[in-house]
Amino acid sequence: MTDHDLHQPGPGPLRAAAGAVELAQAVTRLVSVDGCRLADSNPLAPLARDIARSMTETGLTVHRCAQHDLLYRLGGVCLLAVPAESGTCSSGVAVSWTAHNLLLLDWDRYGTYAGTQQAMNTALGGVLRAFGYPIAPFGSGGAWLVTGRRETETGR
């Protein structure tokens, strides 16, 4: 072993940099109800960013919900900022699963698609609860509305 080998940096800084890049990419995928990129000035932006971080930390991909995005077809966790003015009782971030187009557009496997949607949306509710987000059912498709910031974790 050479003296140079003893002074190699550990993987910690690389992990931190990779995590920062993953989170930054997830945040660019956030949209508002009109399908446009979620502006930093939107009052729901901090909550949406927190949820995107949580989903990224669990290993789930944040969906590119804007239909004009070339990677829209890939699916993942859809995060949509919903203001109270849009007809909901309260504002929040709608969280739901979006299947890959390979399953979504295969009408011969509609049962598989519907079952997957239900299972993944149920799982997302459990993940959101585990992170301490206050949630309520949203719509008829199994989505969740995160209505506030999560409980503060130690060290955050």
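This section reports on the structure supplied with the text. Just so it is clear, the model here is predicted, and its values are computed rather than measured.

The subject of this paragraph is the environment of Phe131. Summarising the element assignment, Phe131 is placed in the loop between α5 (110-130) and β4 (135-138). Given the relative accessible area of 15%, Phe131 is considered buried. C-alpha separation for the pair Phe131 and Met55, spaced 76 residues apart in sequence, amounts to 9.6 Å.

In this section: the pattern of salt bridges. Throughout the structure, instances matching the rule amount to four salt bridges. Across the pair Glu57 and Arg53 runs a salt bridge whose closest N-O atoms are separated by 3.9 Å. Taken together, the residues span about one helical turn, with Glu57 and Arg53 both in helix α3 (residues 45-58) at a distance of four residues. Here Arg109 makes a salt bridge to Asp106, at a shortest N to O gap of 2.9 Å.

Counted according to the given criterion, the structure contains two aromatic pairs. Look at Trp107 and Tyr110: their rings are 6.2 Å apart centre to centre, the planes differ by 20 degrees, and that puts the pair in the stacked class. Judged by relative accessible area, Tyr110 falls into the partly exposed class, the value being 45%. Judged by centre distance (5.8 Å) and plane angle (50 degrees), the rings of Tyr110 and Tyr113 are tilted. Here the residue Tyr110 and the residue Tyr113 both occupy positions in helix α5, the gap between them amounting to three residues, near one helical turn. For Tyr113, a relative accessible area of 18% gives the class buried. Members of the aromatic cluster, joined through ring pairs, are Trp107, Tyr110 and Tyr113. The residue whose ring lies beneath Arg129 is Trp144, and the NZ or CZ to ring-centre distance is 5.1 Å.

Looking at the secondary structure, you find Pro43 in the loop between β1 (31-32) and α3. It is 9.3 Å that separates the C-alpha atoms of Pro43 and Ala81, two residues lying 38 residues apart in sequence.

This next bit is on the pairing of β4. Bridge count between β4 and strand β5 (residues 143-146): four bridges; the pairing is antiparallel. What sits directly across from Ala136, in β5, is Leu145.

Rules used in this analysis
- Residues numbered from 1 in each chain as written.
- Predicted model: local features only at pLDDT ≥ 70, side-chain atom pairs only at ≥ 80, totals over all residues.
- Heavy atoms only, no water.
- Helix = DSSP H or I, 4+ residues; strand = E, 2+ residues; numbered from the N terminus.
- Buried < 20%, exposed > 50% of the residue type's maximum accessible area, 1.4 Å probe, protein only.
- Salt bridge = Lys/Arg side-chain N within 4 Å of Asp/Glu carboxyl O.
- Phe/Tyr/Trp six-rings, centres within 6.5 Å; stacked < 30°, edge-to-face > 60°.
- Lys NZ or Arg CZ within 6 Å of the ring centre and 35° of its normal.
- Pairing = 2+ DSSP bridges.

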